[in-house]
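# Coordinate inspection notes
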Amino acid sequence: MEQPQIKILLTGATGYLGGSVLTSLLQSENPAIKNVKISAIVRSAVQAELLAVLNIRPILISGFEDTEALANAASENDVVINCASGFETGAAESLIIGLGKRKKLTGQDVFMIHTSGTSSISDRPISKQYIEDRSFNDATDNIFEYLVERQRLEVYDQRTTDLAVAQRAKETSVKTYTIMAPPIYGSGTGQFNKLSTQIPMLAKVAIEARRSLYIGDGMGVKDYVHVIDLGNFYELLLGKVLEKRDVVPHGERGIFFASTGTFRWKDIAKDIARVGYGLGKLDSPEPKSITIDEAIAAGIAPTKQRAELIFASNSRGRASVAKSLGWLPKMTEVNWQNNIKDDFVAVLHGLGRK
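Every value quoted in this text rests on a predicted model; they were computed, and no experiment measured them.

## Observations regarding the overall build of the chain
- Counting its regular elements, the chain contains 14 helices and 14 strands.
- Computed over its C-alpha atoms, the radius of gyration of the chain comes to 20 Å, within 12% of the 20 Å expected for a compact globule of 354 residues.
- Its C-alpha atoms put the chain at 70 × 45 × 35 Å along the principal axes.
- Burial statistics for the chain: of 354 residues in total, 55% are counted as buried.

Given below as structure tokens:
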């Protein structure tokens, strides 16, 4: 008996990560993925037309605050890959609610791969509100319990979403998998946004100030991952999920890292200073330390909390589960180093954003 075609809904398909994930899915050689039908949430007719050319079914909505439309879209699919902002708690919950309706209707398992970030486990080394120097392991540490404890001490919007995803999954019997991505680098492979967030933001601020900047002592250590390697992990994880072998933990235990290397914030600032000064766009080859308040004034982040967690903190997570599933990242530290100049030049010339 022929199996029904699997239907997948992708959010964030017009963004940096979501567009790259879509490319990975379209190029997949996995038989379980090659025959799926993909729909994508879009917010403009132009985006819809471009994706339709790729045989993607566009679903036009007004925005991620339209939770009813999101739930309805999810209810028509077997899998949701949520690559939209991890700060949109209501949107994530609505997608799971929609999948729950699908499960009741079909009696079949439904799944959501949700995107979060390692700022959810990051510390506060500048303000000294919370210090964390350990490296987490997603195969042996209970990341969910750590998130609960951190949230008890300090509410953080993205962490709110992480916990809501696990709770809604339990209520609806939807199997969820959260990829907690570190800072992502590299040129996106999607149709729209080609630039990541953190390094381009620091490059933009440096160009405007004519000086590379970092917050506090800049000694916070973070992981990184290339967008192509990360997109390949989504494709690998989806394949394992569709094979339905139950080899992948889900729900509270289904929180995974995707790291391939580490950096310090001050080192990035030094690299940006070197590149910018060499191009004649910065006044000094040395970076400058600034306060969190100065970072907000410079436009690095909208709040003190986000400035510290996203641009000054420590967070390290070993991607043991991904590696055990067969994830083989291809990009190296050389790619990471070369990307600093690539991002600086792209920001300088206004490239990579649509």
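From this point, the narrative continues.
## A look at the nonpolar core
- Ile-81, Leu-230, Phe-233, Tyr-234, Leu-237 and Leu-238 are the most contacted members of the largest nonpolar core, which totals 55 residues.
- For this core, the leading source of residues is helix 9 (residues 227-243), giving 9 residues.
- Setting aside its immediate chain neighbours within four residues, Leu-238 contacts Ile-8, Leu-25, Ile-33, Val-79, Ile-81 and Ile-113.
- Residues Trp-265, Ile-272, Ile-290 and Phe-311 belong to the second largest nonpolar core, which totals 32 residues.

## Concerning the pattern of salt bridges
- Counted by the stated rule, this structure contains 17 salt bridges.
- The closest approach of N and O atoms between Arg-152 and Glu-149, which form a salt bridge, is 2.6 Å. Taken together, the residues span about one helical turn, with Arg-152 and Glu-149 both in helix 6 (residues 143-153) at a distance of 3 residues.
- When its relative accessible area of 35% is taken as the criterion, Glu-149 is described as partly exposed.
- Its salt-bridge partner being Arg-168, residue Glu-171 comes within 3.3 Å of it at the nearest N-O pair. Placement of the pair is Glu-171 and Arg-168 together in helix 7 (residues 157-172), with a separation of 3 residues, close to one helical turn.

## Considering the side chain of Ser-94
- With respect to the helices, strands and loops of the structure, Ser-94 is situated in helix 5 (residues 89-106).
- Once residues lying within four places of it in the same chain are set aside, the contact partners of Ser-94 are Thr-67, Leu-70 and Ala-71.

Definitions and cut-offs
- Each chain has its residues counted from 1, following the order in which its sequence is written.
- Note on the predicted model: pLDDT of at least 70 is required for a residue's local features to be given, and 80 or more for side-chain atom pairs to be given and counted; whole-chain, interface and lining totals, by contrast, use all residues.
- Side-chain measures here rest on the full set of heavy atoms in the structure, leaving out hydrogens and waters.
- Think of it this way: any DSSP run of H or I at least four residues long counts as a helix, any run of E at least two long counts as a strand, and we number them from the N terminus.
- We compute the radius of gyration over the C-alpha atoms and compare it with the globule rule, which gives 2.2 Å times the number of residues raised to the power 0.38.
- Think of it in three bands: with a 1.4 Å probe and only protein chains considered, a residue is buried below 20% of the maximum accessible area for its type, exposed above 50%, and partly exposed in between.
- For the purposes of this section, nonpolar cores are sets of buried Ala, Val, Leu, Ile, Met, Phe, Trp, Tyr and Cys residues that join through side-chain atoms within 4.5 Å.
- Every residue pair with non-hydrogen atoms within 4.5 Å of one another is taken to be in contact.
- In the sections that follow, a salt bridge refers to a side-chain nitrogen of Lys or Arg positioned within 4 Å of a carboxyl oxygen of Asp or Glu.

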